[in-house]
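The primary structure of each chain is shown beneath.
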Amino acid sequence: MKIDTNTHHYTELVRWYRKTKTYPIRKSITSEVSEFRHSLDGNNVLYLGLPEFKKKFESTKYASFFSVDGKDIIKYQSVEKKLPFEDKSHDIIILMHALDLLDKPYNFIREIDRIASDDAKIFIVGFNKLSLWGLTRKLYNKKNSPWSANFHPISNIKEWFKILSYDVKINTTSCLLPFASKSLNRYIDKLSFLQKFLFPSYGGIYFCLLNKATIPLIPQKLKFKNKYVVHTFPKSTMNKTV
C-alpha cells in the first residue's frame, strides 16, 4: 500500500537525519533556519514535518504553536482529507520536508492555503531536484534515505503557490555536496560560503519563504451624474390639525 510505503520512507528519513555523518547537513540547515526566523512574524504557528528541527522554531513570542508529525501528513494528500484546523487559523506555516513525503503535493498545498490566514507566511524546506543531490538520486537505491523521498522541482512548488496568489519573498539553497562525513565538518562553513556565490540555486536543500498576497479594500467615492434637489412638501399634502 502506497501510504505504508511513504510512512516507511518517512521513518527512514528521520533516522538518516539523526546519524552522526549528517551533522554537517543539520548544521547547515540550522544556520539557514536561524536567518529565516527573523522573517517569521505572526501569532499562530503550525509546524508540519520532521520533528528534528521543531525546537528551532519554537518561541514564547508566539500565541500558539501546533505541530503535526510527518507520518500523519501523508494521508492528507487526497482531496477528501482535510487538516484538523479551521479556515484561516494560522499566520505562520512551516513545512519541514513535508512536501517531500507526498507523491502529489498539490492537494495538500490547497489545504495549506485553506488554513492560512490573510498575509500568512509559508516557510518550506525540502530536497532540491535541480542539484547534485537530484542527479545522485538516480544512481542510488531509492529504497534508502534520503533518496527515497520525493524531490520536487522548486519551480513547480513556486508555480503551485503562485496559482493560489502567493509571492516568493526569499528562495535560497544550501548543502551543495550530496554526501557528508566527519572530515567535512571543518570545511562546512567555507563550502557554504562558496556555494552561495558560485551555485546559489543548486544546493541539495532549498529554503523558500512565501507570503499570501491579499488585495486591500480601497474605498471608492461615489459620483452621481445627476443632481438631486430636496423639495419641501407642499402645504396641501400636510396633515392639518383641528
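Look up a bit, the structure's there.
Cut-off values and rules
Residues numbered from 1 in each chain as written. Predicted model: local features only at pLDDT ≥ 70, side-chain atom pairs only at ≥ 80, totals over all residues. Heavy atoms only, no water. Helix = DSSP H or I, 4+ residues; strand = E, 2+ residues; numbered from the N terminus. Buried < 20%, exposed > 50% of the residue type's maximum accessible area, 1.4 Å probe, protein only. Pairing = 2+ DSSP bridges. Axes fitted to C-alpha atoms, helices over the stretch in contact; angles between N-to-C directions. Contact = heavy atoms within 4.5 Å. Core = buried A, V, L, I, M, F, W, Y, C linked by side-chain atoms within 4.5 Å. Phe/Tyr/Trp six-rings, centres within 6.5 Å; stacked < 30°, edge-to-face > 60°.

Structurally, the position occupied by T5 is in helix α1 (residues 2-17). On the accessibility criterion, T5 (34% relative accessible area) is partly exposed. In this structure the C-alpha to C-alpha distance between T5 and S148, which are 143 residues apart in sequence, comes to 9.8 Å.

With mixed pairing, the six strands of this open sheet are ordered in space as β2-β1-β3-β4-β6-β5. The outermost strands of the open sheet, each flanked by one partner alone, are β2 (64-69) and β5 (166-174). Averaged over all pairs of adjacent strands, the angle between their axes in this sheet comes to 15°, without regard to strand direction. Contacts from helix α2 (residues 23-36) reach β4 (116-127), β5 and β6 (205-212) within the one sheet, and its direction differs from that of β6 by about 20°. Of the strands in this sheet, β4, β5 and β6 are in contact with helix α6 (residues 154-163), which crosses β5 at around 165°.

A few words on the nonpolar core. With 32 residues, the main nonpolar core has Y17, F123, F127 and I205 as its most contacted residues. With five residues, the top contributor of residues to this core is α1. Counting 28 residues, the second-largest nonpolar core is a separate cluster that includes L48, L102, A116 and Y166.

By the element assignment, P178 lies in the loop between β5 and α7 (188-198). Classification of P178 as buried rests on a relative accessible area of 14%. Separated by 41 residues in sequence, P178 and R137 place their C-alpha atoms 8.9 Å apart. Those residues within four positions of P178 in sequence are excluded, and the remaining contacts are L132, W133, T136 and W147.

If you walk through the whole model with that rule in mind, you get 16 aromatic pairs. Both rings, one in F36 and one in F123, keep their centres 4.7 Å apart while their planes meet at 35°; by these two values the pair is tilted. You can see F36 sitting in helix α2 and its partner F123 sitting in strand β4, a full 87 residues away along the chain. Judged by its relative accessible area of 0%, F123 is buried. Residues W133 and W147 carry aromatic rings whose centres are separated by 6.1 Å and whose planes lie at 55° to one another, so their mutual orientation is tilted. Residue W133 is found in helix α5 (residues 132-137), and its partner W147 is found in the loop between α5 and α6; the two are separated by 14 residues along the sequence. W147 matches W133 in its accessibility class, with the two residues each being buried.

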